[in-house]
Amino acid sequence: MRRKQHGFTLVEIAIVLVIIGLLLGGILKGQEMINSARARHLADLTSDIPAAYFGFIDRYNRVAGDWNAGAASLALGVAVGSGGNDNGRIDNPIGPGAFTEPNALWEQLAKAGFIEGAYIGGPGVPTNSSNQTPLNAFNNVVLMGRTADYEDPGAAAVRLHLVLGRGVPVDIARETDIKLDDGLPLTGVLRLVIADPGNVFGLPGSTDPGCKSPTDDYNIAGDVQDCNLVFLY
């Protein structure tokens with residue numbers, strides 16, 4: 001007696017291949033949508049936070065974070081635990097005081113109702129679990145301060161800027177730059193942070209050196225996953 005051979009027909013194989021193709025296409029499309037949403041979140045930070053920052057100044061005639069904690073408490077009607085020296089700007093000197101006013105900024109903006117959150121301020125180096133700063137879409141701290149720790153074709157000047165946070169894949173960094181600016185990491189209002197752990201804000205305010213290519217472009221081929229951008233005011 002001859003045994004009957006069992007196996008898949010060409011039609012069945014074709015159906016399986018089609019299903020696999022649809023699944024792969026769905027996964028790739030889903031990842032593309034996630035990346036676009038993350039780039040949009042970074043772009044939103046550059047509009048929402050400046051609006052809150054300047055709105056605070058317009059309402060109280062004081063700079064959030066720089067405002068003395070006691071005076072801010074009286075004006076806002078809530079207890080404010082941290083503040084600055086009231087000299088009209090955010091100060092962040094290298095050393096122990098680097099985060100005092102930048103962290104106080106988020107506490108005062110939140111308690112004035114300009115941003116959501118319950119930030120606690122304080123002088124410590126913020127982390128993604130310290131509740132001192134907002135977090136970006138990659139769960140890393142967002143900072144604001146005045147430094148020259150950003151890429152520049154010449155000599156960078158000390159300027160107020162928003163640090164969008166580490167953990168940004170280089171392709172999303174470039175996509176965000178294209179959405180907001182010129183698509184280049186050394187020019188315009190959106191730039192890469194200088195890759196140096198000795199920056200004013202230390203490691204939270206640094207970036208992976210591989211984010212920039214030897215030709216001063218975003219190093220897409222390197223597929224680096226830990227870039228950090230600044231939005232200059």
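Note that the structure is a prediction, hence the values are computed from the model and not measured.

Cut-offs and rules
Residues numbered from 1 in each chain as written. Predicted model: local features only at pLDDT ≥ 70, side-chain atom pairs only at ≥ 80, totals over all residues. Heavy atoms only, no water. Helix = DSSP H or I, 4+ residues; strand = E, 2+ residues; numbered from the N terminus. Contact = heavy atoms within 4.5 Å. Areas by Shrake-Rupley, 256 points an atom, 1.4 Å probe, with all protein chains shown as cover. Buried < 20%, exposed > 50% of the residue type's maximum accessible area, 1.4 Å probe, protein only. Arc of directions from axis to C-beta. Salt bridge = Lys/Arg side-chain N within 4 Å of Asp/Glu carboxyl O. Expected span 1.5 Å × (residues − 1). Disulfide = S-S within 2.5 Å. Pairing = 2+ DSSP bridges. Axes fitted to C-alpha atoms, helices over the stretch in contact; angles between N-to-C directions. Polar contact = N/O pair within 3.5 Å; in protein donor to acceptor, adjacent residues only side chain to side chain. Core = buried A, V, L, I, M, F, W, Y, C linked by side-chain atoms within 4.5 Å.

## Considering the overall build of the chain
- Regarding its fold elements, the chain presents four helices and four strands.
- When the helices and strands of the chain are read in sequence order from the N terminus, they spell out α-α-α-β-β-α-β-β.
- Contacts in the chain between residues at least 24 apart in sequence constitute 60% of all its contacts with a sequence separation of at least 6.
- Accessible surface, the chain as shown: approximately 12000 Å² in total, 59% of it carbon and sulfur.

## Quick word on helix α4 (residues 170–180)
- Every buried residue belonging to α4 is among V170, I172, A173, T176 and D177, and all of these are buried. An end-on view of α4 places all buried positions within 160 degrees of arc, on one side of the element.

## A word on the pattern of salt bridges
- Under the definition given, this model contains seven salt bridges.
- Here D152 makes a salt bridge to R191, at a shortest N to O gap of 2.6 Å. Pair noted here: D152 is in the loop between β1 (143–147) and β2 (159–163) and R191 is in strand β3 (residues 190–192), with a separation of 39 residues, a long-range link.
- Each of E151, K212 and D216 takes part in salt bridges that share partners, so that together they form one network.

## Brief notes about unusual backbone geometry
- The phi dihedral of N131 is positive, around 60 degrees, even though this residue is not glycine.
- The topology assignment puts N131 in the loop between α3 (100–111) and β1.
- Its identity is not glycine, yet D216 carries a phi of approximately 60 degrees, on the positive side.
- Using a relative accessible area of 37% as the deciding quantity, one classes D216 as partly exposed.

## A look at α3
- Between its first and last C-alpha atoms α3 spans 17 Å; for twelve residues at 1.5 Å apiece the expected length is 16 Å, and the two agree.
- Among the twelve residues that make up α3, ten are buried, leaving the element largely enclosed by the rest of the structure.
- The complete set of buried residues in α3 reads E101, P102, N103, A104, L105, W106, E107, Q108, L109 and A110.

## Section: the state of the cysteines
- Within the structure shown, the criterion is met by one disulfide.
- A sulfur-sulfur distance of 2.1 Å marks the disulfide that ties C211 to C227. Measuring handedness by torsion sign, the sulfur bridge of C211 and C227 sits at about -110 degrees and is left-handed. Of this pair, C211 sits in the loop between β3 and β4 (229–232) while C227 sits in the loop between β3 and β4, placing them 16 residues apart in sequence. The exposure classification of C211 matches that of C227, with both residues buried.

## Brief notes about the sheet that holds β2
- Reading across from one edge, β1-β2-β4-β3 is the order of the four strands in this open sheet, with antiparallel pairing throughout. A single partner strand is all that each edge strand has here, and the edge strands are β1 and β3. Neighbour-to-neighbour, the strand axes of the sheet open up by a mean angle of 35 degrees, direction not taken into account.
- Examined bridge by bridge, β1 and β2 share five bridges and lie antiparallel to one another. Looking at the pairing, M144 lines up with L162 of β2.

## A few points about the side chain of T176
- Among the structural elements, T176 can be located in helix α4.
- Taking relative accessible area as the criterion, T176 reaches 0% and is therefore assigned buried.
- Within the structure, the side chain of T176 is placed 2.8 Å from the backbone oxygen of I172, a separation counted as a polar contact.
- Ignoring sequence-local partners within four residues, the contact set of T176 consists of A39, L42, A43, L190 and L229.

## Considerations on the nonpolar core
- If you look at the biggest cluster of nonpolar residues, it comprises 40 residues, and the most contacted ones within it are L105, W106, L109, M144 and L162.
- Top element by residues in this core is helix α1 (residues 10–60). It accounts for seven residues.
- When sequence neighbours within four positions are dropped, the list of residues in contact with W106 reads I49, I115, Y119, Q132, T133, P134, V142, L143, M144 and L162.
- Residues F99, L143, V200 and L232 belong to the second largest nonpolar core, which totals eleven residues.

## A look at the environment of D196
- Looking at the element boundaries, D196 is found in the loop between β3 and β4.
- For the pair D196 and S206, spaced ten residues apart in sequence, the C-alpha separation works out to 5.7 Å.

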